[in-house]
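# Fold and geometry: a report
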Protein chains: 4
Amino acid sequence: MSLTDDQLADIEASRASTAATRRATVPALEELLYQALPVLDHGFVRVIDYMGDDAAIVQAARVSYGRGTKRVSEDAGLIRYLMRHRHSTPFEMCEIKYHVKLPIFVARQWIRHRTANVNEYSARYSILDREFYIPAPEHLAAQSASNRQGRGAVLTGQEAADVLDLLRADAARTHDNYVAMLNEGPDGQPIDPGRQGLARELARMNLTLNTYTQWYWKIDLHNLLHFLSLRADAHAQYEIRAYAAPMLETVKAWVPAAYAAFRDYRLGAVTFSAPMLAVLKRLLAGEAVEQKDSGLSKREWAEMMAALGRAA
Amino acid sequence: MSLTDDQLADIEASRASTAATRRATVPALEELLYQALPVLDHGFVRVIDYMGDDAAIVQAARVSYGRGTKRVSEDAGLIRYLMRHRHSTPFEMCEIKYHVKLPIFVARQWIRHRTANVNEYSARYSILDREFYIPAPEHLAAQSASNRQGRGAVLTGQEAADVLDLLRADAARTHDNYVAMLNEGPDGQPIDPGRQGLARELARMNLTLNTYTQWYWKIDLHNLLHFLSLRADAHAQYEIRAYAAPMLETVKAWVPAAYAAFRDYRLGAVTFSAPMLAVLKRLLAGEAVEQKDSGLSKREWAEMMAALGRAA
Amino acid sequence: MSLTDDQLADIEASRASTAATRRATVPALEELLYQALPVLDHGFVRVIDYMGDDAAIVQAARVSYGRGTKRVSEDAGLIRYLMRHRHSTPFEMCEIKYHVKLPIFVARQWIRHRTANVNEYSARYSILDREFYIPAPEHLAAQSASNRQGRGAVLTGQEAADVLDLLRADAARTHDNYVAMLNEGPDGQPIDPGRQGLARELARMNLTLNTYTQWYWKIDLHNLLHFLSLRADAHAQYEIRAYAAPMLETVKAWVPAAYAAFRDYRLGAVTFSAPMLAVLKRLLAGEAVEQKDSGLSKREWAEMMAALGRAA
Amino acid sequence: MSLTDDQLADIEASRASTAATRRATVPALEELLYQALPVLDHGFVRVIDYMGDDAAIVQAARVSYGRGTKRVSEDAGLIRYLMRHRHSTPFEMCEIKYHVKLPIFVARQWIRHRTANVNEYSARYSILDREFYIPAPEHLAAQSASNRQGRGAVLTGQEAADVLDLLRADAARTHDNYVAMLNEGPDGQPIDPGRQGLARELARMNLTLNTYTQWYWKIDLHNLLHFLSLRADAHAQYEIRAYAAPMLETVKAWVPAAYAAFRDYRLGAVTFSAPMLAVLKRLLAGEAVEQKDSGLSKREWAEMMAALGRAA
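This structure is a prediction, so every number in the text was calculated from the model and none was measured. (Residues numbered from 1 in each chain as written. Chains lettered and ligands numbered in written order. Predicted model: local features only at pLDDT ≥ 70, side-chain atom pairs only at ≥ 80, totals over all residues. Heavy atoms only, no water.)

Residue and element names in this part refer to chain B. Reading across from one edge, β2-β3-β4-β8-β5 is the order of the 5 strands in this open sheet, with antiparallel pairing throughout. The outermost strands of the open sheet, each flanked by one partner alone, are β2 (37–39) and β5 (117–120). In this sheet, adjacent strand axes meet at a mean angle of 25° when their direction is disregarded. One ladder, built from 9 bridges, connects strand β4 (residues 95–103) with strand β8 (residues 212–220); its direction is antiparallel. What sits directly across from Val100, in β8, is Trp215. Running over the sheet, helix α8 (residues 221–231) touches β4 and β8 and is turned about 130° from β8. (Pairing = 2+ DSSP bridges. Helix = DSSP H or I, 4+ residues; strand = E, 2+ residues; numbered from the N terminus. Axes fitted to C-alpha atoms, helices over the stretch in contact; angles between N-to-C directions. Contact = heavy atoms within 4.5 Å.)

Printed below as a string of structure tokens:
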């Protein structure tokens, strides 16, 4: 992560300024507010604002006049009930706003979640910095042989070195040429006064997909948890999971009861299909079921055994 | 408006409690927070929470690191530009949450706006109070003769008295019978111990559409302004306009620059169609245009003349 | 269900008219098109239009140039995979449009699903017919003693008779008074020429919540399946489940492979939380687990045992 | 546009196959169905499916039992009324599905419209073709001096030649290196058997933003018209306007009455703010108003004069 001195000063100034409010306030999240939590080589996640807390979930579920409830344990029980039975609307009553810096190819996955508000830094209007994502050696994975959208072993030796060289050289060269086509120096003046400079909205097309962009992203708690359940999942690409991890920490600081319920009833939960449930009942009755007489495909059988911690 | 002592105490307790926050805070809206702003005979609107302020709109539009800007006048100028050119996403970065008490027939119009989060008081789970909307005499309007979904003159004399009697009597009787079918007294005990009581989810079907319900309703500023532009409009039914009015006041307290831009570029703006624009150019050129040679229908002509403050 | 002769003629005329199309077409759903499938005492569901079929799901998942695939069994396998792994976007590529007639209190639950397009018959503009939902005797349930939003045993004897009398009488009287306040006869002429008639948008507030309304409702397959998974569920109120049942039949006719996958992976599936999964592993290892040493609440234990078909 | 023989054969097969349907059918759109309408150098738009027609808008607005109406002129009048008064829900009752091939930087703008269904070709799963957008010489514009997100004059001479060379060379080299890192030949076999090949989900980050992608995109007519009103606008980037143009033609073929209303009341319409309206009234009263005494900023004054076709 590489913040300029001006950016750091802006962040510190935001953190230094406080005011009195009648709103629901969460000290543990206030502590994190505005701080840049580093992700990948140049990215970050910052919490910019939030609305509501665990009690606000309860308050909305009860449509109550006051700020919520007497006993924290009662609230936690109701929150667990709401999570278990997929009552989504009370969780929509909490809202959070992030500032995220991320590679464009990650942004393209992320934006597929349509239930958020987004303001992205505009490369039609401004010039993108010379910052690209280059995987750390331990994340430079080969294509999986068994899963067309998965990763295999980590690349090593000359192949790894060559890949890193190509990624670095191509990103650097395309950005250099981007600046050359723009013909605009850091001072805003033409580099070559005899040239006009290509329009920003066109020049950006020369950048590679690992170039960093940034946006403000605002979402309610229900949809954030849905996003995190997909993006913190082992099937998600590592580069987006890397963002989900610190975001889960911010949720834990913000709404600890909702987070605990989410961990138990979503992150750690397993759904068995009707055919799997039939197999489960046979297993519990002591029957020795095998894949070939289970009614499940090999893939489903493997998924089920993995969920139960048994050898397939 | 009729709040119980317990409800008033809850509201006062919420207002009395403050905490320090690093978030954007708006003193003028803090002043209104939690207060019940009366609407119609028993309804209200209360602001329960909010996120962001005028500077947050600017901050998101610029994807900036700090809390916004140096000069208020510069921010207001950018906000006016964004509003004029229908840049909606920066306004989505502010969020507000209301507690609203309203007649069911108003709630049915209101809920058609799908871009909000809602938690409604459940009549499957709880028992609705004996409160109905009865129009004030000056709002007891006749059917419009010219507009199938509009109002004409105010009813007077015996007809007005009869209507009010019927509305009151039917609402009272259906609610009495609702309670009788539920067979549940205020203490939660059976009224008639020999009876089981009809399920709440069924008994509610006996209530009339002027019965009051209530909900928590949360929405971003862009969609709130869209809601208000439709519901504060003269074509909207009076009973929903009555809610839009105090909500506009809360917007004015919350984001004064966005409110001023909204007033100029939406509430007070007029859209002229391509054929109307052609007429306008002829008028400006000094031509005496009449409806029959305008290319506009009588209705469009009347709408255009009304917008220009000219006799049709 | 009570359709007028004109309505039946309109339906028959729609069914009689066919045209050639290059679009994906599903004969089994064409067979049902426009027909009113009866629900409750006066309601119905009609399929008005549809877009796509099972092959369209596959086509979108593959972003292919042609109309889909060679082998039906391969398509079904991919559809099962997409359903199991919650890939929702290919299912969004199919769309269906219904015309539904339903009691207002059911419409109020239904409209909470925000991801559909709706046009409701307007009681601001038109006059609602004298049709109310009155439960059949076998659906006249008492309030559940254990579940605040559930039903208990069916009411019988004098209590049942009294409830039905009250429901019928109140609905009839409030509708009669609605018409009296409107002062408009079936011919559109004033009933009493000396009166103006209350505005329609006001008079409607006197109707009870079991009055029938109707709407056009259009939704994509992914969101329809989500709606049906909630509304066909045993926890849903009977009166909305009554609509989910024939709608499931229309889905089965329309996209049989998606329907079969939905039945196996959603309707018949069970989700076990992390604590439940821990219990399951102990049970499979042969341990005799009881609720008090399970780490589950009594309620969760009961839910888990019910899912496994074991005595709690 | 460059379709393979297989792709052309798939398209022709789709066009050749017809079936009988009871659904609303539009011969003029059937004529266009599945055809690739060329856009930019390698892109296209294809209509894949549609639901509804002009009569379906009317049918939904009236919640009618039949297929619509007797007289086309009456329908058109109602559609104009609905468009003028921004009744959006009847237009939501029509749906259309496109297959679009477009450069990634265009896709990034396009996806900001959240009210559509999308399935994009996955570069996690598959390998992207070697196709890039290179602007035609007449679209190679300089940066605008006055508008930070606009274009100025067309580049010429050596600067134009250099820009085109850089764009071509960088896109070609990064794609060549993408394939080299993947280490996968057209036959699916390793190019160098001694290497593993980088995971697809990683290798794609080396591609430039002018690489072509493709997706299925489905949207209702109301939201499509909103999209087109923004993207066919003169302020939109040329490369996305190039897609809006043939899409407008498909709308015209599909729902001619809605298209005509859209053209008059949206595309060709102008909105005057409250301060502009005040100026307009003074002008119509014969007053000679100038910018400095107009109450408008220079920019707003210029916008207003441009709309009225007067010298600023």
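Turning to the sheet that holds strand β5 (residues 117–120) of chain C, a few remarks are in order. Residue and element names in this part refer to chain C. Spatially, the 5 strands line up as an open sheet ordered β2-β3-β4-β8-β5, and their pairing is antiparallel. Bordering the open sheet on either side are β2 (37–39) and β5, each of which pairs with just one other strand. Within this sheet the neighbouring strands show an average axis-to-axis angle of 25°, counted without direction. When strand β3 (residues 43–51) meets strand β4 (residues 95–103), the two strands line up antiparallel, connected through 7 bridges. Directly across from Val45, in β4, lies its bridge partner Val100.

In the superposition of chain A on chain D (RMSD 0.0 Å, axial shift 0.0 Å), the rotation amounts to 180°. As the rotation angle and translation indicate, the two copies are arranged about a two-fold axis. Taking the C-alpha atom as reference, chain A places Thr208 of chain A closest to the rotation axis, 2.0 Å from it. (Least-squares fit on C-alpha atoms with pLDDT ≥ 70 in both.)

Once that is clear, we can look at unusual backbone geometry. In this structure, Val63 of chain A is a non-glycine residue whose phi angle is positive, near 45°. Here Val63 of chain A lies in the loop between α3 (54–62) and α4 (72–84). According to the relative accessible area criterion, Val63 of chain A is buried, its value standing at 4%. One non-glycine residue, Arg86 of chain D, adopts positive backbone phi at about 55°. Mapped onto the elements of the fold, Arg86 of chain D is located in the loop between α4 (72–84) and β4 (95–103). On the basis of relative accessible area, Arg86 of chain D is assigned to the partly exposed category, the value being 48%. (Buried < 20%, exposed > 50% of the residue type's maximum accessible area, 1.4 Å probe, protein only.)

Turning to the UniProt feature "binding site: dUMP" (unreviewed entry) in chain A, a few remarks are in order. Residues and elements named next belong to chain A. Per the UniProt record, "binding site: dUMP" (unreviewed entry) is annotated on Gln109, Trp110, Ile111, Arg112, Glu120, Tyr121, Ser122, Ala123, Arg124, Arg204 and Arg231. Across 123 residues, the annotated set is spatially dispersed, with a maximum C-alpha separation of 29.0 Å. The topology assignment puts Glu120 in strand β5 (residues 117–120). Take Ser122: it is sitting in the loop between β5 and β6 (141–143). Taking relative accessible area as the criterion, Ser122 reaches 26% and is therefore assigned partly exposed. Here the side chain of Ser122 touches Arg124 through a polar contact of 3.2 Å, landing on its backbone nitrogen. (UniProt positions renumbered as here; feature names shortened; annotations may be inferred. Polar contact = N/O pair within 3.5 Å; in protein donor to acceptor, adjacent residues only side chain to side chain.)

Moving on to the interface of chain A and chain D. The partner chain D presents 62 residues to the 62 residues of chain A that form the contact. Summing both sides of the interface, chain A and chain D together bury roughly 5800 Å²; the carbon and sulfur share of this comes to 51%. Close ionic contact of Arg108 of chain A with Glu120 of chain D constitutes a salt bridge, the shortest N to O distance being 2.8 Å. Across the chain A-chain D interface, the total number found is 40 residue pairs in polar contact (both at pLDDT 80 or more). Elements that contribute at least two residues to the side of chain A that touches chain D include exactly α5 (104–110), β5, β6, β7 (151–154), α6 (157–182), α7 (200–203) and α9 (238–254) of chain A. Of the residues forming the side of chain A that touches chain D, the biggest block, 11 residues, is contributed by α6 of chain A. Class assignment for the residues of the side of chain A that touches chain D results in 27 nonpolar, 19 polar and 16 charged. (Buried area = accessible area lost by both parts, 1.4 Å probe. Salt bridge = Lys/Arg side-chain N within 4 Å of Asp/Glu carboxyl O. Nonpolar A, V, L, I, M, F, W, Y, C, P; charged D, E, K, R; others polar.)

This part is about the side chain of Asn117 of chain C. Among the structural elements, Asn117 of chain C can be located in strand β5. Reaching out from Asn117 of chain C, the side chain makes a polar contact with the side chain of Lys218 of chain C at a distance of 2.8 Å. Among the polar contacts made by the side chain of Asn117 of chain C, one reaches the side chain of Glu92 of chain D at a distance of 2.8 Å. Excluding its chain neighbours within four sequence positions, the residues that come into contact with Asn117 of chain C are Arg114 of chain B, Glu95, Tyr216, Trp217 and Lys218 of chain C together with Glu92, Met93 and Asp220 of chain D.

Attention shifts here to the relation of the copies chain C and chain B. For the pair chain C and chain B, the best superposition has an RMSD of 0.0 Å and corresponds to a rotation of 180° with a translation of 0.0 Å parallel to the axis. The residues that chain C uses at the interface reappear at the interface of chain B in 100% of cases, marking a shared surface.

What follows concerns the pattern of salt bridges. Summed over the entire model, instances satisfying the criterion amount to 88 salt bridges over all chains. In this structure, the salt-bridge partner of Arg15 of chain B is Glu31 of chain B, at a minimum N-O distance of 3.6 Å. Taken together, the positions of Arg15 of chain B in helix α1 (residues 5–16) and Glu31 of chain B in helix α2 (residues 27–32) put the pair 16 residues apart, joining distant regions of the chain. One continuous salt-bridge network, built from bridges that share partners, spans Glu95 and Lys218 of chain A together with Glu95 and Lys218 of chain B.

Moving on, we come to the pairing of β4 of chain B. Of all 9 residues in β4 of chain B, 9 are buried, a share of seventy percent or more. Side-chain alternation along β4 of chain B places Glu95, Lys97, His99, Lys101 and Pro103 of chain B on one buried face and Ile96, Tyr98, Val100 and Leu102 of chain B on a second face that is also buried.

This brings us to α4 of chain A. Over its 13 residues, α4 of chain A extends 18 Å from the first C-alpha to the last, a length consistent with the 18 Å expected when each residue adds 1.5 Å. Buried residues of α4 of chain A: Asp75, Ile79, Leu82, Met83 and Arg84 of chain A, and no others. Looking at the packing, one finds that the buried side of α4 of chain A touches α3, α8 (221–231) and α10 (256–267) of chain A together with α12 (298–307) of chain C. Positive backbone phi, at 55°, marks Arg86 of chain A, one or two positions downstream of α4 of chain A. (Expected span 1.5 Å × (residues − 1).)

This part covers the UniProt feature "active site" (unreviewed entry) in chain A. Residue and element names in this part refer to chain A. Within this structure's numbering, the places UniProt gives as "active site" (unreviewed entry) are Arg231. Assignment of secondary structure puts Arg231 in helix α8. Overall, the relative accessible area of 16% leaves Arg231 in the buried class. The residues contacting Arg231, other than those within four sequence positions of it, are Gln109, His113, Ala236, Ile240, Arg241 and Ala244.

Turning next to the nonpolar core. Counting residues in each nonpolar core, the largest one holds 171 residues, and the members touching the most others are Trp110, Trp217 and Leu224 of chain B together with Trp110, Trp217 and Leu224 of chain C. The contacts of Leu224 of chain B, once residues within four sequence positions are left out, are Ile96, Tyr98, Trp217, Ile219, Met247, Val251 and Trp254 of chain B. One finds Met93 of chain B together with Leu33, Phe105 and Val163 of chain D within the second-largest nonpolar core, a separate group that totals 170 residues. (Core = buried A, V, L, I, M, F, W, Y, C linked by side-chain atoms within 4.5 Å.)

A separate point is the domain arrangement of chain A. For chain A, the assigned domains are domain 1 (1–123 + 210–269), domain 2 (134–208) and domain 3 (274–308). Between domain 1 of chain A and domain 3 of chain A, the C-alpha centre-to-centre distance is 37 Å. (Domains from an automatic or database assignment.)

This next bit is on the interface of chain C and chain B. On the side of chain B, 62 residues touch chain C, which itself brings 62 residues to the contact. Of all residues in chain C, Arg124, Arg148 and Met205 of chain C give up the largest surface area on contact with chain B, accounting jointly for 13% of the area buried on that side. Where chain C packs against chain B, one counts 6 salt bridges. In this structure, Arg195 of chain C and Asp162 of chain B form a salt bridge, with 2.4 Å as the shortest nitrogen-oxygen distance. At the junction of chain C with chain B, the criterion picks out 40 residue pairs in polar contact (both at pLDDT 80 or more). For the side of chain C that touches chain B, the elements supplying multiple residues, two or more each, are α5 (104–110), β5, β6 (141–143), β7 (151–154), α6 (157–182), α7 (200–203) and α9 (238–254) of chain C. Looking at side-chain class alone, the side of chain C that touches chain B contains 27 nonpolar, 19 polar and 16 charged residues.

A word on the packing of helix α11 (residues 274–284) of chain D against helix α12 (residues 298–308) of chain D. Residues and elements named next belong to chain D. The N-to-C vectors of α11 and α12 enclose an angle of 55°; their axes lie 11 Å apart at closest approach. Relative to α12, the element α11 is oriented oblique. For the pair α11 and α12, the crossing hand works out as right-handed. For the pair α11 and α12, contact is made by Met276, Val279, Leu280 and Leu283 and by Glu300, Trp301, Met304, Met305 and Leu308, respectively. Across the contact of α11 with α12, the residue classes tally to 8 nonpolar, no polar and 1 charged. (Parallel < 35°, antiparallel > 145°, perpendicular 65-115°, else oblique. Left-handed = near helix turned anticlockwise from the far one by under 90°.)

What follows is about helix α11 (residues 274–284) of chain A. Taken as a whole, α11 of chain A has its buried residues at Pro275, Met276, Leu277, Val279, Leu280, Leu283 and Leu284 of chain A. On its buried face, α11 of chain A is in contact with β9 (270–272) and α12 (298–308) of chain A together with α10 (256–267), β9 (270–272), α11 (274–284) and α12 of chain C. Downstream of α11 of chain A by a residue or two, Gly286 of chain A has a phi angle that is positive, lying close to 95°.

Using the criterion set out here, one finds 34 aromatic pairs over all chains in the structure. On the numbers, 5.3 Å between centres and 85° between planes, the contact of Trp110 of chain A with Trp217 of chain A is edge-to-face. Pair noted here: Trp110 of chain A is in helix α5 and Trp217 of chain A is in strand β8 (residues 212–220), with a separation of 107 residues, a long-range link. Summarising the burial analysis for this pair, Trp110 of chain A and Trp217 of chain A share the class buried. Where Phe105 of chain D meets Tyr133 of chain D, the ring centres are 6.1 Å apart and the plane angle is 40°; that geometry is what we call tilted. With a gap of 28 residues between them, Phe105 of chain D in helix α5 (residues 104–110) and Tyr133 of chain D in the loop between β5 (117–120) and β6 (141–143) connect regions that are remote in the sequence. Like Phe105 of chain D, the residue Tyr133 of chain D is buried in the burial classification. (Phe/Tyr/Trp six-rings, centres within 6.5 Å; stacked < 30°, edge-to-face > 60°.)

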